[in-house]
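# Descriptive analysis of the structure
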Amino acid sequence: MTKLREQEDFVSGHRACAGCGLALGARLAMKGVEQDSIATCATGCLEVISTPYPESSWEIPWIHSLFENSASVAAGIEAALKAKGDNETKVIAQGGDGATVDIGMRGLSGMFERGHDVTYICYDNEAYMNTGIQRSGATPLAASTTTSPPGKQSYGNENTKKDALAIAASHGVGYVASASIAYPKDVVEKVKKAAELDGPSYVQIHVPCPTGWGFKESDTIEIARLAVETALWPVYEMENGEIINIRKIKNRKPVEEYLEKQKRYKHLFKKDNGQQKIEQIQEIANRNAKTFELDK
Ligand SMILES: Cc1ncc(C[n+]2csc(CCOP(=O)(O)OP(=O)(O)O)c2C)c(N)n1
Ligand code: SF4
């Protein structure tokens, strides 16, 4: 088992909301990067909470890129380090789900394709939180956001969550993993593995957001755990396209137990035919359980 190193690269004093899963995710992720490192970060909550000029919560060289080019900036830094003969310093690229699965996907794809020695970490809070909770490609089916509100005709977000892990794997990326802040050591160990790999790697961490999802700040870990225990967020790792490790679920929970605790799904329990949407979400969980053989 990994002994957590004492050094913190992402320190307290930042301005995240109380109970922010993203802030915990970033702290844990950086615990896994044991070598000297340089990080990039796309515009989004992580950047806004941690670097209000002239302050910073980062103890490592850290660069704010644009919303769309965290991976491209990281790739450039890696190429420059290599040109200088530095093969030791690790480059970490960071982004929210919007920065990763939507606007930054082209740059990320190029970084994967060119084989840069960069670990990309996606902090997945399932919407564009920094600008006021707009839906992203990672927003799950039926979640309410300011751009996918439930109404007379609508049940919230109409699309299902984009599978960015599969997209990463399809590029032949050597290490691809999903993680959850409900399992802190797992986050650290996966980022450590990713950072030690020579070549591109991708880790997507599920980071519940009390402000955007509408739950009590003290419930962040419980919500994160329920996403895993309902099979809505499968936790697994892949090496060279093969799944090598899966977090199995004992007594999988019905999705209602996860949905009913969050305001973003409250319309499903009030509206006529909301039950049908809940059943569709249960089908997604059942499919995940089957695909990844999650049930113990
Ligand atoms: C090209 C461009 N479009 C839009 C924005 C405005 N913008 C800044 S952050 C952000 C949302 C970030 O969402 P996400 O990447 O999911 O990160 P989160 O804030 O949720 O952690 C948006 C839309 C921008 N900075 N640049
Ligand atoms: S809006 Fe959500 S992700 Fe952003 S700082 Fe607040 S809790 Fe964290």
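Please refer to the structure placed before this passage.
Keep in mind that this is a model prediction, so the values were computed, not measured. (Residues numbered from 1 in each chain as written. Chains lettered and ligands numbered in written order. Predicted model: local features only at pLDDT ≥ 70, side-chain atom pairs only at ≥ 80, totals over all residues. Heavy atoms only, no water.)

### So, the environment of valine 101
The topology assignment puts valine 101 in helix H4 (residues 97-103). Separated by 62 residues in the primary sequence, valine 101 and aspartate 163 place their C-alpha atoms 8.5 Å from one another. Leaving out residues up to four positions away in the same chain, valine 101 has contacts with Gly137, Ala138, Lys162 and Ala164. (Helix = DSSP H or I, 4+ residues; strand = E, 2+ residues; numbered from the N terminus. Contact = heavy atoms within 4.5 Å.)

### A few points about the side chain of serine 201
By the secondary structure assignment, serine 201 is in strand E6 (residues 201-206). Accessibility expressed as a relative area gives 0% for serine 201, which makes it buried. Reaching out from serine 201, the side chain makes a polar contact with the side chain of threonine 119 at a distance of 2.8 Å. Apart from residues no more than four positions distant in its own chain, serine 201 is found in contact with Phe112, Val118, Thr119, Tyr120, Val173, Tyr175 and Ala194. (Buried < 20%, exposed > 50% of the residue type's maximum accessible area, 1.4 Å probe, protein only. Polar contact = N/O pair within 3.5 Å; in protein donor to acceptor, adjacent residues only side chain to side chain.)

### Comments concerning the site of ligand 1
In the vicinity of ligand 1 lie 17 residues, with Cys45, Gly98, Ala99, Ala127 and Met129 positioned nearest. Contacts to ligand 1 include aspartate 97, whose backbone N or O atom sits 3.5 Å from an oxygen atom. Alanine 99 places a polar main-chain atom, nitrogen or oxygen, 2.8 Å from an oxygen atom of ligand 1. Protein chains shield 75% of the accessible area of ligand 1, which is 590 Å² for the free molecule. (Near = heavy atom within 4 Å. Areas by Shrake-Rupley, 256 points an atom, 1.4 Å probe, with all protein chains shown as cover.)

### Some words on unusual backbone geometry
Between tyrosine 53 and the following residue, proline 54, the backbone shows a cis peptide bond with an omega angle of 5°. Assignment of secondary structure puts proline 54 in the loop between helix H2 (45-50) and strand E2 (62-64). Look at asparagine 240: it is not a glycine, yet its phi comes out positive at around 45°. On the basis of relative accessibility, which here comes to 62%, the residue asparagine 240 falls in the exposed class. The backbone of asparagine 273 shows a phi angle near 65°, a positive value even though the residue is not glycine. Along the chain, the position of asparagine 273 falls in the loop between helix H10 (256-259) and helix H11 (274-291).

### Here we look at the side chain of serine 148
Secondary-structure assignment places serine 148 in the loop between strand E4 (118-124) and helix H6 (164-170). For serine 148, the side chain forms a polar contact with the main-chain oxygen of alanine 143, separated by 3.1 Å. A polar side-chain atom of serine 148 sits 2.7 Å from a polar atom in the side chain of threonine 145. Setting aside anything within four residues of it in sequence, one finds serine 148 in contact with Arg135, Ala143, Gly156 and Asn157.

### Section: the layout of surface pockets
Counted as a void, the largest pocket has a volume near 510 Å³. Around the largest pocket, the lining is made up of 26 residues, and of these Lys161, Leu232, Pro234, Ile284 and Asn288 lie nearest the centre. Looking at the lining of the largest pocket, the elements that each hand over two or more residues are H6, E6, H10 and H11. Residue contributions to the lining of the largest pocket peak at five residues, all from H11. (1 Å grid on protein atoms, 1.4 Å probe; cavity = no way out; pocket = protein on both sides within 12 Å on 5 of 7 lines; lining within 4 Å. Points joined across faces, edges and corners; volume = space filled by probe spheres on them.)

### A few points about helix H5 (residues 105-114)
Extensive coverage of H5 is indicated by the burial of seven of its ten residues. Three or more residues of H5 are buried, namely Met105, Gly107, Leu108, Ser109, Gly110, Met111 and Phe112. Contact partners of the buried residues in H5: helix H3 (70-83), H4, E4, H6 and E6. Immediately beyond the C-terminal end of H5, within one or two residues, lies glycine 115, with a positive phi of roughly 75°.

### Comments concerning the site of ligand 2
Taken together, Cys17, Cys20, Leu22, Cys45, Ile49, Asn125, Cys209, Pro210 and Thr211 make up all the residues around ligand 2. Tallied by class, the residues present in the shell around ligand 2 amount to seven nonpolar, two polar and no charged. (Nonpolar A, V, L, I, M, F, W, Y, C, P; charged D, E, K, R; others polar.)

### Focus: the environment of cysteine 122
Relative to the helices and strands, cysteine 122 is located in strand E4. Sequence separation between cysteine 122 and glutamate 88 is 34 residues, and the spatial gap between their C-alpha atoms is 23 Å. The residues contacting cysteine 122, other than those within four sequence positions of it, are Gly95, Gly96, Asp97, Thr100, Tyr202, Val203, Gln204 and Ile205.

### So, H11
Along an α-helix, residues three or four positions apart point the same way, because every turn accommodates 3.6 residues. An ideal rise of 1.5 Å per residue puts 26 Å on 18 residues; H11 measures up with 26 Å between its terminal C-alpha atoms. All buried positions along H11 are accounted for by Gly274, Lys277, Ile278, Ile281, Gln282, Ile284, Ala285, Asn288 and Ala289. Buried residues of H11, seen end-on, are gathered within an arc of 150° and therefore sit on one face of the element. Opposite the packed face of H11, turned more than 90 degrees from it, sit the exposed residues Lys290 and Thr291. The inward-facing, buried residues of H11 contact H10. Note on H11: the residue one or two positions beyond its end, glutamate 293, has a positive phi of about 50°. (Expected span 1.5 Å × (residues − 1). Arc of directions from axis to C-beta.)

Honestly, it's all geometry; don't read function into it.
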